[in-house]
Amino acid sequence: QWWDSVKFTMEKGPNLWETFNKSLEKNRKERPKLENWMEIGPFDRSGDRTFETPYPPEKEIRLDASYPGKDGKNVTWIKWPAGEKSPISENITEAVFFFYNTITVPKPVQKYLIISHDDGAEVRLNGKQVLLSKGYVPQDNPETVPLDLKAGKNEIFVKLEQGGGPWALVAVIS
């Protein structure tokens with residue numbers, strides 16, 4: 001399970017309470033977080049070939065760009081604040097969405113992306129595919145993806161495919 005991989009550093013303090021508080025604060029500061037996602041979509045789904053079909057946001061990440069989306073409607077990148085519901089309606093079917101985020105770390109480190117999605121998802125870290133999952137993965141049984149983060153800024157890019165029903169994406173870093 002993903003929680004077996006969680007590392008927690010203990011900091012020595014003058015007593016148990018101070019040790020706990022110092023350790024908690026140090027780990028909170030060192031933990032990379034997914035803050036606000038940028039998202040764009042919907043785009044028309046390419047049937048069973050969604051993950052083989054390149055869409056405009058995959059060709060280059062330009063957060064100021066706009067593209068023709070599903071049904072010819074223009075779509076632009078928008079901010080999805082952490083912990084809030086996506087500003088894009090979840091009731092869009094036969095569509096593809098894209099999500100972008102960055103994580104900055106002071107030194108190379110391995111972390112884990114805990115992700116559930118409805119329907120399929122592809123995750124890229126710094127341009128390299130680290131997950132391709134063509135089906136629904138529920139929140140109560142998420143996938144765990146190792147992320148080898150480099151020192152400095154790291155880019156996470158997610159392609160989400162949606163067939164029927166509402167779409168969903170939940171992602172956290174451990």
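Just above, that's the structure.
Peer 1: Looking at this structure, how should I read the sheet that holds strand β1 (residues 37-44)?
Peer 2: Two orientations exist for strands paired in a sheet by backbone hydrogen bonds: parallel and antiparallel. Strands sit in the order β4-β1-β5-β10-β7-β8 across an open sheet of six strands; the sheet is antiparallel. Looking at strand neighbours, the two that pair on one side only are β4 (78-80) and β8 (128-133), the edges of this open sheet. In this sheet, neighbouring strand axes are inclined to one another by 25° on average, regardless of whether the strands run parallel or antiparallel. The pairing of β1 with strand β5 (residues 95-105) spans five bridges and is antiparallel.

Peer 1: Which parts of the structure should I look at to understand the pattern of salt bridges?
Peer 2: Side chains bearing opposite charge may pair, as long as their charged atoms lie close to each other. Under the counting rule described, the total for this entry stands at ten salt bridges. The salt bridge partner of Glu52 is Lys134, with a shortest N-O separation of 3.2 Å. With a gap of 82 residues between them, Glu52 in the loop between β1 and α2 (56-59) and Lys134 in the loop between β8 and β9 (143-149) connect regions that are remote in the sequence. Taking relative accessible area as the criterion, Glu52 reaches 38% and is therefore assigned partly exposed. Lys159 serves as the salt-bridge partner of Glu58, at 3.0 Å between the closest nitrogen and oxygen. Here Glu58, found in helix α2, pairs with Lys159, found in strand β10 (residues 152-162); they are 101 residues apart in sequence, far enough to count as distant.

Peer 1: Help me out: how do you make sense of the pairing of strand β6 (residues 109-118) in this one?
Peer 2: Across a regular strand the side chains alternate sides, sitting on one face of the sheet and then on the other. Of all ten residues that make up β6, eight are buried, and the element is covered over most of its length. Sheet topology places β6 next to strand β11 (residues 168-173); six bridges connect them, and they run antiparallel. Among the inter-strand pairings, Ile115 is bridged to a residue of β11, identified as Ala171.

Peer 1: I'm lost on unusual backbone geometry in this one. Help?
Peer 2: Generally, phi is negative for residues other than glycine and the peptide bonds are trans, each holding for most cases. Backbone torsion omega between Gly41 and Pro42 reads 5°, so that peptide bond is classified as cis. Checked against the element boundaries, Pro42 lands in strand β1. Of note, the phi angle at Asp71 is positive, near 60°, even though the residue is not glycine. Looking at where Asp71 falls in the secondary structure, it is placed in the loop between β2 (66-68) and β3 (74-76).

Peer 1: I would appreciate a short explanation of the environment of Lys128 in the present structure.
Peer 2: With respect to the helices, strands and loops of the structure, Lys128 is situated in strand β8. Residue classification places Lys128 among the exposed positions, given a relative accessible area of 59%. Each C-alpha atom, one on Lys128 and one on Phe157, is 9.5 Å from the other, the two residues being 29 residues apart in sequence.

Peer 1: I would appreciate a short explanation of the nonpolar core in the present structure.
Peer 2: In globular proteins that are soluble, nonpolar side chains generally tend to be buried together. Of all hydrophobic cores here, the largest spans 26 residues; its most connected members are Phe99, Leu113 and Ile156. Elements with a minimum of two residues in this core: β5, β6, β7 (121-125), β9, β10 and β11. With five residues, β5 is the largest single contributor of residues to this core. If we skip the residues at most four places from it in the chain, Phe99 touches Trp37, Met38, Glu39, Trp77, Trp80, Ile156, Phe157, Val158, Leu160, Trp167 and Leu169. Core analysis: the second largest hydrophobic core is formed by twelve residues, Tyr55, Trp77, Phe98 and Tyr100 among them.

Analysis parameters
- Residues numbered from 1 in each chain as written.
- Predicted model: local features only at pLDDT ≥ 70, side-chain atom pairs only at ≥ 80, totals over all residues.
- Heavy atoms only, no water.
- Pairing = 2+ DSSP bridges.
- Helix = DSSP H or I, 4+ residues; strand = E, 2+ residues; numbered from the N terminus.
- Axes fitted to C-alpha atoms, helices over the stretch in contact; angles between N-to-C directions.
- Salt bridge = Lys/Arg side-chain N within 4 Å of Asp/Glu carboxyl O.
- Buried < 20%, exposed > 50% of the residue type's maximum accessible area, 1.4 Å probe, protein only.
- Core = buried A, V, L, I, M, F, W, Y, C linked by side-chain atoms within 4.5 Å.
- Contact = heavy atoms within 4.5 Å.

Purely geometric numbers; function is a separate question.
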